[in-house]
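Coordinates in review
Each chain, letter by letter, is given below.
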Amino acid sequence: MEINFLIIITFLLSLIVWYIVTPLIEGTKEIPTQINQHELNRNKTVLLRQIKELEMDYHIGNVSEEDFNNTRNELKNEISTIITNIKNIS
Amino acid sequence: MTPVLGSISLSLALGVAFISILLFSLFLKKSDYRFFIAGWRATVVVSALTILATLILLYELLLSNFDISYVAHYTSLETPTFYKITALWAGQSGSLLFWLFILSVYTLIVLYQYRNSYSKLMPWIIIVLVFVQIFFLILVNIVENPFMPTDADFVVINGNGLNPLLQNLTMAIHPPTLYLGYVGFTIPFAFAIAALVTKETGSVWIRSIRRWTLIAWLFQSGGIILGGWWAYQELGWGGYWAWDPVENASFMPWLTGTAFLHSIIIQEKKGLLKTWNMVLILVTFTLCIFGTFLTRSGVMSSVHAFAVSNLGPIFIVFIVIILVICIYLIISRLPYLKSEKRIESFTSRESGFLLNNVIFITICFAVFWGTIFPVLSEAVSGDKITVGAPFFNRVNIPIGLMLLFFTGVGPLLAWRRTSKDAFIRNFSIPIISGIAIFIVCLIFGIRNTTLISFPLTAFVFTAILIEFQRGINSRVTRFDESFLKALQTLIARNRSRYGGYIAHLGIVFMFIGFSGQAFDTELEFALKKGDSKIFDGYSFELVSIDPVERPNHIAWIAGINVWNLEKHLVTTLYPEKRVYFHLDPNPEKRQPHSELDIHTTIYKDIYSIFSGVDIEKQIAYLKIMINRLVYWVWFGGYVLIIGTMISLWPAKEY
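The model shown is predicted, which means the values in this text are computed figures rather than measured ones. (Residues numbered from 1 in each chain as written. Chains lettered and ligands numbered in written order. Predicted model: local features only at pLDDT ≥ 70, side-chain atom pairs only at ≥ 80, totals over all residues. Heavy atoms only, no water.)

**Notes on the overall build of chain A**
Put simply, the rule reads: We count a stretch as a helix when DSSP gives it H or I for four or more residues in a row; a strand needs E for two or more, and each element gets its number in order from the N terminus. Burial here depends on accessible area, computed with a 1.4 Å probe over protein chains only, as a share of the maximum for the residue type. Under 20% is buried, over 50% is exposed, and the range in between is partly exposed. In this analysis, two residues are considered to be in contact whenever any of their non-hydrogen atoms come within 4.5 Å of each other. Residue exposure ignores everything except the shown protein chains as possible cover, and the areas themselves are Shrake-Rupley values with a 1.4 Å probe. Charge counting treats Lys and Arg as positive and Asp and Glu as negative, with His and both chain ends excluded. Charge placement uses NZ in Lys and CZ in Arg. For Asp and Glu, CG and CD serve respectively.
The helix and strand inventory of chain A stands at three helices and zero strands. With the C-alpha coordinates of chain A rotated into their principal frame, the extents come out at 75 × 35 × 10 Å. Scored against the burial criterion, the 90 residues of chain A give a buried share of 33%. When contacts within chain A are restricted to residue pairs at least 6 apart in sequence, those whose partners lie at least 24 apart make up 66%. Entry remark: accessible area of chain A is about 5,700 Å², with carbon and sulfur atoms responsible for 58%. When the 8 positive and 12 negative side-chain charges of chain A are each reduced to one mean point, those points stand 8 Å apart.

The structure is reproduced here in structure tokens:
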């Protein structure tokens, strides 16, 4: 019983050490580019959604025309920057 | 062997958690991505080991392994299987492990959600999550180990069994729901700390945590409602909220969390309130830890505190550490937290949101003060002065009504400023409906607080309907849709906003329910079998007193026919008087308990409590309460949950 238990514990420990240490031996130092790209795409989606919400607020009458144009331009500029960054990465 | 494996898992998890912090520190110092991946994996291991330990404890509970002290304390051979599972969070060490289990599951979700993306915030987010895990791992490893062997020099044949008050379906679901809320706020907290450390205080972190905050808030709301429902049907005092310290402990982070949910909209849309948002989420998390401290430390006596321990000082140290870190970070990052714009007009939606925030915080402060006052008074004067429900009601009812008013005002205001025409157009119908209900209340002779609350609920209800109508009209005009199609698309395409309005409707319904308390009545009386008693428009006839023996208790069931004054049978109620562990040779271990029965309609509840029984004389001692409009509290709760779930539902990708 105790030997079985020791085997289980040793196996569990080895598995943990192997799982944690492997990337230190096999991995790369640099952050993979597609990982940054994914984050930028996520931000782009959120900004697009914000534009849609802004348009709705404008049509309901919750936002003045001046405010609508300014905010929409700000959001569009932000998206343009993100798209440029995505292009640069790829 | 298995319990030892549980203990070892927890010890290993603590060790690996420190390794994880070390690996992330190396990554931040050397910018070597390999350390990030290794740290990420170490965090996965910490969470996996914690989950393994929790599953092992669950297995031992189901197996009734009384060699483990926790199992012997909170279960017995007679405990039904379902309650053996719920015993996992019934005691001190089990509930701490359960806290850690939920945090580990959340951590795994965050890790896998962002596995293909990287931002500057990520290492710090994980460090904060692991830091919180370390605190709870220290507790379950050193202070309250759930795998401690039973301290007895004989074989334990049977355990103590679960507290009868906890043997209730609602109580089985209530703690995990509340814990999912408490622990859930750790995620936005981690994002906030990461944003402060990396000086990335813009809207990126806000966008990332909106859904997480909503998830935590949903569970916190659900947990509070379930807690109220449990108190109402189990504790037998006829109410659902007693301003008990533990209830308050769950209510405070809910208040600040709700304020946060509203104010992040302002930051996202207008770049305002950056410092305020940081403070709110940091306070919310600290209050969550404070809530766990109140429930688990035994520092306050409460109907909800099922554990007494010496955990208090450790929790206080942890809270102080969190506060010091948060205050330092906020002060040092103030230049990065300056708002890009200013609030331009008092009649803007931004102002409405801010006022609403201030009210939430005022209520939170009042509740906090009332909750800690007994401890403070004891520390200062030596006398424990308890602040009861009258204090909380006197302070919070007027502020709560103001909050209700602003719930209606906010959506009617435009961003930046509301023109005079828009003001008149948007507010006239809600104000007229409020005045109409006020007059109706006067006609019906109502002269209590409901004279204000009913008109306010009418005002807010109409304001929300108008907001829906404006959205529908906009779609009908722009896209030539039918009314129903426009309603459907409106909600489907703007889930976050209209889900929020539905949640507001839930709050309105709940306020209707709260208002009903002003009309409640109650009577205690003894009734001989065959006799009846008339009370508040009903006749209560005792038709039977039957004994029943069940696996872990014996019960006397009173059969009460309830007739209305027109001699129609309304219902038959069956409240029970139970004695748990009745077979235990030690009479002190037998626990009496009243299981009540309620007849519910949308107007009123007939609430019956079987307080005592004289079998020889066939007399039942009963308490009957007629509670008005309670149904609306639970109905409002459902609507609130549904609204929040609509808000949470993933929106269409563009």
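**Considerations on a nonpolar patch on the surface**
Selection criterion: Within the patch definition used here, like charges are joined within 9 Å and nonpolar side chains (Val, Leu, Ile, Met, Phe, Trp, Tyr) within 5 Å, considering only residues with over 30% relative accessible area and no salt bridge. When a carboxyl oxygen of Asp or Glu lies within 4 Å of a side-chain nitrogen of Lys or Arg, that pair is called a salt bridge.
There is a patch of nonpolar side chains on the surface, built from B:Ile431, B:Ile435, B:Phe438, B:Ile439, B:Val440, B:Leu442, B:Ile443 and B:Phe444 and spanning about 770 Å² of accessible area. Along the chain, B:Ile439 falls in helix H15 (residues 420–443).

**Focus: empty space enclosed by the protein**
Inclusion rule: Two kinds of site are reported from a 1 Å grid over the protein atoms alone, namely cavities, where a 1.4 Å probe fits but cannot get out, and pockets, open sets with protein on both sides within 12 Å along at least five of seven lines, and residues are called lining when an atom falls within 4 Å of a point. Grid points are joined across faces, edges and corners, and a volume is the space filled by probe spheres set on the points.
All told, the structure shown has three cavities of 30 Å³ or more when counted by the stated rule. Taken together, A:Glu39, B:Tyr114, B:Ser119, B:Leu121, B:Met122, B:Ile125, B:Phe191, B:Val204 and B:Ser208 form the lining of the second largest cavity. For the lining of the second largest cavity, the secondary structure elements donating two or more residues are helix H6 (122–143) and helix H9 (204–235) of chain B.

**So, unusual backbone geometry**
All names here are of chain B. One non-glycine residue, lysine 199, lies in the positive phi region at around 65 degrees. By the secondary structure assignment, lysine 199 is in the loop between helix H8 (186–198) and H9. Judged by its relative accessible area of 38%, lysine 199 is partly exposed. A positive phi angle, near 60 degrees, is found at leucine 629, a position not held by glycine.

**Remarks on the environment of A:Gln37**
One can find A:Gln37 in helix H2 (residues 33–60). Measuring from C-alpha to C-alpha, the distance between A:Gln37 and A:Glu55 comes to 27 Å, with 18 residues separating the pair along the chain.

**Focus on the pattern of salt bridges**
Under the criterion given, the structure shown has 19 salt bridges over all chains. The salt bridge partner of B:Arg416 is A:Glu66, with a shortest N-O separation of 3.6 Å. With B:Arg416 in the loop between helix H14 (389–412) and H15 and A:Glu66 in helix H3 (residues 65–89), this residue pair bridges two chains. For B:Arg416, a relative accessible area of 19% corresponds to the buried category. For B:Glu268, the salt bridge is made with B:Arg210, and the minimal N-O distance between the two is 3.3 Å. Of the two residues, B:Glu268 is situated in helix H10 (residues 245–270) and B:Arg210 in helix H9; the sequence distance between them amounts to 58 residues.

**Notes on the domain arrangement of chain B**
All names here are of chain B. Going by this rule: What marks off one domain from the next here is an automatic or database domain assignment. Once two parts are put together, the accessible area they lose, assessed with a 1.4 Å probe and summed over both, is termed the buried area. Note on residue classes: Ala, Val, Leu, Ile, Met, Phe, Trp, Tyr, Cys and Pro are nonpolar, Asp, Glu, Lys and Arg are charged, and everything else, Gly too, is polar.
Domain parsing of chain B yields domain 1 (2–333 + 348–369), domain 2 (389–517) and domain 3 (519–632). Summarising the inter-unit geometry, the C-alpha centres of domain 1 and domain 3 are found 39 Å apart. Between domain 1 and domain 3, the contact holds 17 residues from the first and 17 residues from the second. Where domain 1 abuts domain 3, roughly 1,300 Å² becomes buried across the two surfaces, and 53% of that area is made up of carbon and sulfur atoms. Put simply, domain 1 and domain 3 have zero salt bridges between them. Residues that form the side of domain 1 that touches domain 3 fall into these classes: eight nonpolar, seven polar and two charged.

**Looking at the packing of aromatic side chains**
Residue and element names in this part refer to chain B. As a reminder, the rule being used: Note on aromatic contacts: the rings of Phe and Tyr and the six-membered ring of Trp form a pair at centre separations within 6.5 Å, being stacked when their planes are under 30 degrees apart, edge-to-face when over 60 apart, and tilted otherwise.
Under the counting rule described, the total for this entry stands at 53 aromatic pairs over all chains. Ring centres 5.0 Å apart and planes at 80 degrees place the aromatic pair phenylalanine 135 and phenylalanine 136 in the edge-to-face group. For the pair phenylalanine 135 and phenylalanine 136, a shared accessibility class is recorded, and that class is buried. Taken together, the ring pairs in this structure connect Trp99, Phe131, Phe135, Phe136, Phe290, Phe293, Phe315, Phe318 and Phe368 into an aromatic cluster.

**Topic: the sheet that holds strand E9 (residues 604–614) of chain B**
Within a sheet, adjacent strands bond to each other through the backbone by hydrogen bonds, running parallel or antiparallel. All names here are of chain B. As a reminder of what qualifies: Strand pairing is defined by DSSP finding a minimum of two bridges between the two strands. Interaxial angle, 0 to 180 degrees, is taken between N-to-C directions of lines fitted to C-alpha atoms, where a helix line uses only the stretch in contact.
Spatially, four strands are ordered E1-E10-E9-E8 in an open sheet, and the strand pairing comes out antiparallel. Of all the strands in the sheet, just strand E1 (521–528) and strand E8 (597–600) have a single pairing partner and so form its edges. Each neighbouring strand pair of the sheet contributes to a mean axis angle of 20 degrees, computed without reference to strand direction. Note: E1 against strand E10 (residues 619–628), eight bridges, orientation antiparallel. The residue of E10 that forms the bridge with leucine 527 is alanine 620.

**Some details on the pairing of strand E2 (residues 532–535) of chain B**
All names here are of chain B. Pairing of E2 with strand E3 (residues 538–550), which is carried by four bridges, proceeds in the antiparallel orientation. Counted as the bridge partner of lysine 533 is phenylalanine 540 from E3. Between E2 and E3, which follow one another and run antiparallel, lie two residues, and aspartate 536 among them has a positive phi close to 50 degrees.

**As for the packing of H10(B) against helix H13 (residues 349–381) of chain B**
Residues and elements named next belong to chain B. How we decide: Angle categories: roughly parallel below 35 degrees, roughly antiparallel above 145, roughly perpendicular from 65 to 115, and oblique for all the rest. Handedness of a crossing is defined here by the sense of rotation of the near helix relative to the far one, left-handed for an anticlockwise turn of less than a right angle and right-handed for a clockwise turn.
Interhelical geometry of H10 versus H13 gives an angle of 160 degrees and a closest axis separation of 9 Å. Classed by the angle they form, the pair H10 and H13 counts as roughly antiparallel. Considering only the axes of H10 and H13, their crossing is left-handed. A class-by-class count of the residues in the contact of H10 with H13 yields 15 nonpolar, eight polar and two charged.

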